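Remarks on the overall topology
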Amino acid sequence: MEHKGTVYIETERLILRRFTLGDAPAMYKNWASDDEVTKYLMWQAHSDISVSETVLRDWIGNYAKDDFYQWAIVFKEYSDEPVGSIAVVENIDETVQKAHIGYCIGKPWWHKGIMSEALKAVIDFLFDEVGVNRVESRHDPRNPNSGAVMKKCGMKYEGTHRQSDRNNQGICDACYYAILADERH
């Protein structure tokens with residue numbers, strides 16, 4: 001594997017880029033402060049903009065590492081401010097060349113194909129540029145739209161681990177999806 005870090009990625013409608021501290025107001029306003037967006041996530045909605053600033057400082061500090069992947073999702077049609085984020089949320093497992101992806105997006109941008117476009121771009125990048133063999137993700141079964149994004153990107157449902165995860169709803173099941181390098185195209 002050849003780590004590249006969080007590089008700039010552009011698709012037809014999106015820009016995936018590194019966050020800056022100046023993104024804190026958009027992050028807070030567009031998704032991080034919304035209890036509905038964070039309902040099935042592992043982190044609480046941000047209580048004020050200082051929480052968003054703290055998170056961004058941490059991410060910005062980690063951009064120096066070539067195995068850190070955390071993108072701001074910018075929907076070109078909207079503006080140049082981020083509307084969500086997508087990242088490798090667990091350390092890449094070098095022994096099996098596996099990356100686990102997590103993502104979230106603000107409610108006004110739900111059901112527009114934005115997250116599927118972002119996930120597809122990140123999957124392609126991880127396979128083509130980094131050399132991972134497996135990209136996986138998981139979701140709470142009470143959030144089927146997240147699984148629909150995974151399916152749309154060619155990920156296959158592998159099973160549900162009962163009461164194996166925790167999110168803002170408490171202990172929960174986790175539906176796992178994955179795609180392998182040789183399953184693409």
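Whatever comes next refers back to the structure up there.
Not measured: the values here are computed from a predicted model.

**A few points about the packing of helix α3 (residues 114–130) against helix α4 (residues 144–152)**
One can describe the packing of α3 onto α4 by two numbers: an axis separation of 9 Å at closest approach and a directional angle of 50 degrees. With respect to α4, the axis of α3 lies oblique. Judged by the twist between their axes, the crossing of α3 over α4 is right-handed. Residue-level inspection shows Met115, Ser116 and Leu119 of α3 in contact with α4, the latter providing Val149, Met150 and Lys152. Broken down by class, the residue content of the contact of α3 with α4 amounts to 4 nonpolar, 1 polar and 1 charged.

**Overview of helix α1 (residues 24–32)**
Buried within α1 we find Ala24, Ala26, Met27, Asn30, Trp31 and Ala32. Down the axis of α1, the buried side of the element spans an arc of 155 degrees, and every buried residue falls inside it. On its buried side, α1 packs onto α2 (49–62), β4 (82–88) and β5 (98–105).

**A few points about the sheet that holds strand β7 (residues 156–167)**
Within a sheet, neighbouring strands are paired by backbone hydrogen bonds and run either parallel or antiparallel to one another. A sheet is described by the order of its strands in space; here 8 strands give the open sequence β1-β2-β3-β4-β5-β6-β8-β7, paired in mixed fashion. Whereas interior strands pair on both sides, the edge strands pair on one side only; in this sheet they are β1 (9–10) and β7. Pairing analysis gives 2 bridges linking β1 to strand β2 (residues 14–17), with the strands arranged antiparallel. When the bridges of β2 are listed, Ile9 appears paired with Leu16. Contacts between α1 and the sheet are confined to β4 and β5, with β4 contributing the most and set at about 90 degrees to the helix. Sheet strands touched by α3: β1, β2, β3 (70–75), β4, β5, β6 (134–139) and β8 (170–180). Its angle to β5, the strand with the most contacts, is close to 160 degrees.

**Quick word on the pairing of β5**
The buried count for β5 comes to 7 of 8 residues, which makes it a mostly enclosed element. Bridging between β5 and β6 involves 3 bridges; their strand directions are parallel. By the bridge assignment, Lys98 is partnered in β6 with Arg134.

**Thoughts on α3**
The first and last C-alpha atoms of α3 sit 23 Å apart over 17 residues, in line with the 24 Å expected at 1.5 Å per residue. With 13 of its 17 residues buried, α3 lies for the most part within the structure. Following α3 by one or two positions, Gly131 has its phi on the positive side, about 90 degrees.

**So, the nonpolar core**
Of all hydrophobic cores here, the largest spans 36 residues; its most connected members are Ile73, Ile86, Ile101, Leu119, Leu126 and Val135. Broken down by secondary-structure element, the contributors of at least two residues to this core are β2, β3, β4, β5, α3, α4 and β8. Among the elements that take part in this core, α3 stands out by supplying 11 residues, more than any other. Those residues in contact with Val135, other than ones at most four positions away along the chain, are Ala99, Ile101, Ile123, Leu126, Phe127, Met155, Tyr177, Ala178 and Ile179. Grouped together as the second largest cluster of nonpolar side chains are 13 residues, Trp31, Ala32, Trp59 and Cys104 included.

Cut-offs used in this document
Residues numbered from 1 in each chain as written. Predicted model: local features only at pLDDT ≥ 70, side-chain atom pairs only at ≥ 80, totals over all residues. Heavy atoms only, no water. Axes fitted to C-alpha atoms, helices over the stretch in contact; angles between N-to-C directions. Helix = DSSP H or I, 4+ residues; strand = E, 2+ residues; numbered from the N terminus. Parallel < 35°, antiparallel > 145°, perpendicular 65-115°, else oblique. Left-handed = near helix turned anticlockwise from the far one by under 90°. Contact = heavy atoms within 4.5 Å. Nonpolar A, V, L, I, M, F, W, Y, C, P; charged D, E, K, R; others polar. Buried < 20%, exposed > 50% of the residue type's maximum accessible area, 1.4 Å probe, protein only. Arc of directions from axis to C-beta. Pairing = 2+ DSSP bridges. Expected span 1.5 Å × (residues − 1). Core = buried A, V, L, I, M, F, W, Y, C linked by side-chain atoms within 4.5 Å.

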